Amino acid sequence: MTVALTERVVASPQVLFKDMGGEAVLLDLGTETYFGLNETGARFWHQLMASPSVADAWAVLREEYEAAPERLLDDLYVLIDELLERDLIRVDRA
Amino acid sequence: MPRLRFETSILALLADVGAGRARPDAGAVFASWPGEPGELSEWLVRQDLAPLAHASVRTVAPAWASRLAPAAFGAAAANLAHFKALDRLERRFETERIPMVLLKGAAVAGRAYADASYRPMTDLDAWVRDDDMPRAVEALRGLGFRQDGGLATRPEALQRLSGGELLFRPERGGHGLIELHFSPFQGWWVQRTSAPDLPGMWRRAVAIAPGRHAMRLADDDAMLQTTLHIAVNQFGQAPLRGLMDLAVMARACAIDWASVAERAVAWRMAQAAWLVLDAAERLIGMPGSRTALSALRPTLPARALLHAFVTPETILDGRDLRRPALRHPFMLALADRRRDGARLLGRAIWPEPWWIAARHGPSAGRWSHVMDLLRRGDV
């Protein structure tokens, strides 16, 4: 895992977000590439952006989803890693 | 193209969705479609109606939603980029004290649609006054845009005289076309046959939102501008997207239809306005427009002539009027006064010296213009 549970992630500055009725679209202005998030991915994104840490996001999502907590964390990190790889998010080192 | 009555009920639904007036489950009507979902989906995508359709069905018809999602998400992403570009443009123009009036997609998406992403955009269009145009051009260059040379048949001098536009693209490449317009009405049809009150339109323009520098046309003027744009472009360029703009505006804005009709007549655009508004009424529904349509309705012979070119059925079928053999007679038929149509035709073949100089250069003569017409087979 490339981001610690105690760390916070933020959207990269060139990324724009648009809610699509539960799903979402992310636009990378730098590469002019867009990505779609399904409802679960959009909800994960919302919580990651709203939470002071990955751990806090995970805590909120555990209340919303019936999946086993470890499975939920695995899914959350799959999304985080993919967003990092595409430079759509960054670790907030402030 | 699907040929059922179904189409008008779908289009009316989309207009209600666009204006934020539809019931959440209204999109279930798509499940009644008797044909192949792919056929209708592709047609909606071609007409730039996929985002509206996607919004209509995403909670009630998942199979339809998945077909429409790529186009809907793509349009949403493109709109994000366009509105980001608008932010930059607006801030620079505000700093430079250059007033601007948004036109077309960016204006109607923000004003009338419940969600701007419902309305696909391909560029940003802004009307700038003549005196401000040189500074506007410099401002765009300062933002990293380069002016596109445009078509050889439409040099800048001619654009200025015809109420045309200057095109700008990002220096670094990629998407992001911005058009600076000399007028909200483009082209020689308007210049030769009509008399729009441009100062009045500018005076009536309002800020797109409180505190914003960018303006938009007043709703009634925007209705006429959109209507004329569809007509003078011969119902090309995804006509149903334009008609949908009108239908959404009719639902979402408090249109003073009496003013729309009065101005269309006074500006000598009544036949063109009637043709487009009548098509929108018959295909999608235009609440409140009946009195205006009655006031604008041409004589029976004129209606018959116009319908020889355009009907709601031909619009659904995608009939292309842009071929010279159809385009020129159609543009003549649109003119409110015969003498204006005659002038349009006459000047297309035998233009004024200043027109020839703007089009072909200061040393060109009339006969070089005629030879150019013959060579291109077009005017």
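This is a predicted model, so every value here is computed, not measured.

**Comments concerning the overall build of chain B**
At step 1: Within chain B, the regular secondary structure consists of 20 helices and 7 strands.
At step 2: Its C-alpha atoms give chain B a radius of gyration of 21 Å, near enough to 21 Å, the size a compact globule of 379 residues would have.
At step 3: Dimensions of chain B, computed from C-alpha atoms along their principal axes, come out at roughly 65 × 55 × 40 Å.
At step 4: Looking at chain B as a whole, 56% of its 379 residues are labelled buried.
At step 5: In chain B, the share of contacts with a sequence separation of at least 24, taken over all contacts with a separation of at least 6, comes to 69%.

**Section: the pattern of salt bridges**
At step 1: The full count for this structure, using the stated rule, is 31 salt bridges over all chains.
At step 2: For Arg 71 of chain A, the salt bridge goes to Asp 75 of chain A, with nearest N and O atoms at 3.4 Å. In this pair, Arg 71 of chain A and Asp 75 of chain A are both assigned in helix α3 (residues 69-85), 4 residues apart and thus about one turn of the helix distant.
At step 3: A relative accessible area of 31% means that Asp 75 of chain A is categorised as partly exposed.
At step 4: A salt bridge links Arg 204 of chain B to Asp 221 of chain B; its shortest N-O distance comes to 2.8 Å. Highlighted residues: Arg 204 of chain B in helix α9 (residues 198-204) and Asp 221 of chain B in helix α10 (residues 219-232), separated in sequence by 17 residues.
At step 5: Here Arg 204 of chain B falls in the partly exposed class, since its relative accessible area comes to 26%.
At step 6: Each of Arg 268, Arg 337, Asp 340 and Arg 343 of chain B takes part in one network of salt bridges that share partners.

**Observations concerning helix α20 (residues 366-376) of chain B**
The α-helix advances 3.6 residues per turn, and as a result positions three or four apart in sequence lie on the same side.
Residues and elements named next belong to chain B.
At step 1: Looking at α20, one finds that the buried residues are His 369, Val 370, Asp 372 and Leu 373. What you see down the axis of α20 is that its buried residues fit within an arc of 160 degrees, all on one side. In this structure, α20 carries Trp 367, Leu 374 and Arg 375 as exposed residues pointing more than 90 degrees from its buried face.
At step 2: Contact partners of the buried residues in α20: α18 (338-349) and α19 (353-360).

**Remarks on a nonpolar patch on the surface**
At step 1: Taken together, the side chains of Leu 345, Ile 349, Trp 350 and Trp 367 of chain B make up a nonpolar region of the molecular surface, amounting to roughly 440 Å² of accessible area.
At step 2: Note on placement: Leu 345 of chain B falls in helix α18.

**Focus: the packing of helix α3 (residues 50-57) of chain B against helix α4 (residues 62-95) of chain B**
Residues and elements named next belong to chain B.
At step 1: It is at 8 Å that the axes of α3 and α4 come closest, and there the two elements cross at 140 degrees. Compared by their axis directions, α3 and α4 come out oblique. Handedness of the α3/α4 crossing: left-handed. Of α4, the residues touching α3 (which contributes Ala 50, Pro 51, Ala 53, His 54 and Val 57) are Pro 62, Trp 64, Ala 65, Leu 68, Ala 69, Ala 71, Ala 72, Phe 73 and Ala 75.
At step 2: A breakdown of the residues in the contact of α3 with α4 according to their chemical character gives 13 nonpolar, 1 polar and no charged.

**Considering the environment of Leu 217 of chain B**
All names here are of chain B.
At step 1: Within the fold, Leu 217 resides in the loop between β7 (215-216) and α10.
At step 2: Looking at Leu 217, the relative accessible area reads 4%, which means it is buried.
At step 3: Each C-alpha atom of the pair Leu 217 and His 181 lies 13 Å from the other, and the pair is 36 residues apart in sequence.
At step 4: Beyond its immediate sequence surroundings of up to four residues, Leu 217 is in contact with Val 101, Leu 102, Leu 103, Trp 127, Met 201, Ala 205, Ala 222 and Gln 225.

**Examining the nonpolar core**
Residues and elements named next belong to chain B.
At step 1: Ranked by internal contacts, the top residues of the largest apolar core, which has 89 residues, are Phe 30, Met 223, Leu 243, Met 244 and Leu 246.
At step 2: Sorting elements by how many residues they give to this core places helix α13 (residues 270-283) first, with 10 residues.
At step 3: Residues in contact with Leu 243, not counting those within four places in the same chain, are Ile 230, Val 276, Ala 280, Leu 283, Ile 284 and Ile 315.
At step 4: Core analysis: the next-biggest nonpolar cluster, separate from the first, contains 27 residues, Ala 109, Leu 124, Met 133 and Leu 180 among them.

**Side note on the packing of aromatic side chains**
Residue and element names in this part refer to chain A.
At step 1: Under the defined criterion, the tally for this structure stands at 10 aromatic pairs over all chains.
At step 2: Ring geometry for Phe 17 versus Trp 45: centroids 5.9 Å apart, planes at 0 degrees, classification stacked. Taken as a pair, Phe 17 in strand β2 (residues 15-20) and Trp 45 in helix α1 (residues 39-50) lie far apart in primary sequence, 28 residues in all.
At step 3: Between Arg 62 and the ring centre of Trp 58, over which it is positioned, the NZ or CZ distance is 4.3 Å.

**Quick look at the sheet that holds β7 of chain B**
Residue and element names in this part refer to chain B.
At step 1: Strand order in the open sheet made by the 7 strands is β3-β4-β5-β2-β1-β7-β6, with mixed pairing throughout. Both edges of this open sheet fall to β3 (145-147) and β6 (206-207), since each of them pairs with a single strand only.
At step 2: In this structure, β3 lies alongside strand β4 (residues 165-170), joined through 3 bridges in antiparallel fashion. Residue Arg 146 lies in a different strand from β4, and its bridge partner there is Arg 169.
At step 3: Where α4 meets the sheet, it contacts β1 (101-103), β2 (123-127), β3 and β5 (177-181), and its direction lies at approximately 30 degrees from that of β2.
At step 4: In this fold helix α5 (residues 104-111) packs onto β1, β2, β5 and β7, with an angle of close to 95 degrees to the strand it touches most, β1.

Criteria and thresholds
- Residues numbered from 1 in each chain as written.
- Chains lettered and ligands numbered in written order.
- Predicted model: local features only at pLDDT ≥ 70, side-chain atom pairs only at ≥ 80, totals over all residues.
- Heavy atoms only, no water.
- Helix = DSSP H or I, 4+ residues; strand = E, 2+ residues; numbered from the N terminus.
- Rg over C-alpha atoms; globule rule 2.2 N^0.38 Å.
- Buried < 20%, exposed > 50% of the residue type's maximum accessible area, 1.4 Å probe, protein only.
- Contact = heavy atoms within 4.5 Å.
- Salt bridge = Lys/Arg side-chain N within 4 Å of Asp/Glu carboxyl O.
- Arc of directions from axis to C-beta.
- Patch = residues over 30% accessible without salt bridge, like charges linked within 9 Å, V, L, I, M, F, W, Y side chains within 5 Å.
- Areas by Shrake-Rupley, 256 points an atom, 1.4 Å probe, with all protein chains shown as cover.
- Axes fitted to C-alpha atoms, helices over the stretch in contact; angles between N-to-C directions.
- Parallel < 35°, antiparallel > 145°, perpendicular 65-115°, else oblique.
- Left-handed = near helix turned anticlockwise from the far one by under 90°.
- Nonpolar A, V, L, I, M, F, W, Y, C, P; charged D, E, K, R; others polar.
- Core = buried A, V, L, I, M, F, W, Y, C linked by side-chain atoms within 4.5 Å.
- Phe/Tyr/Trp six-rings, centres within 6.5 Å; stacked < 30°, edge-to-face > 60°.
- Lys NZ or Arg CZ within 6 Å of the ring centre and 35° of its normal.
- Pairing = 2+ DSSP bridges.

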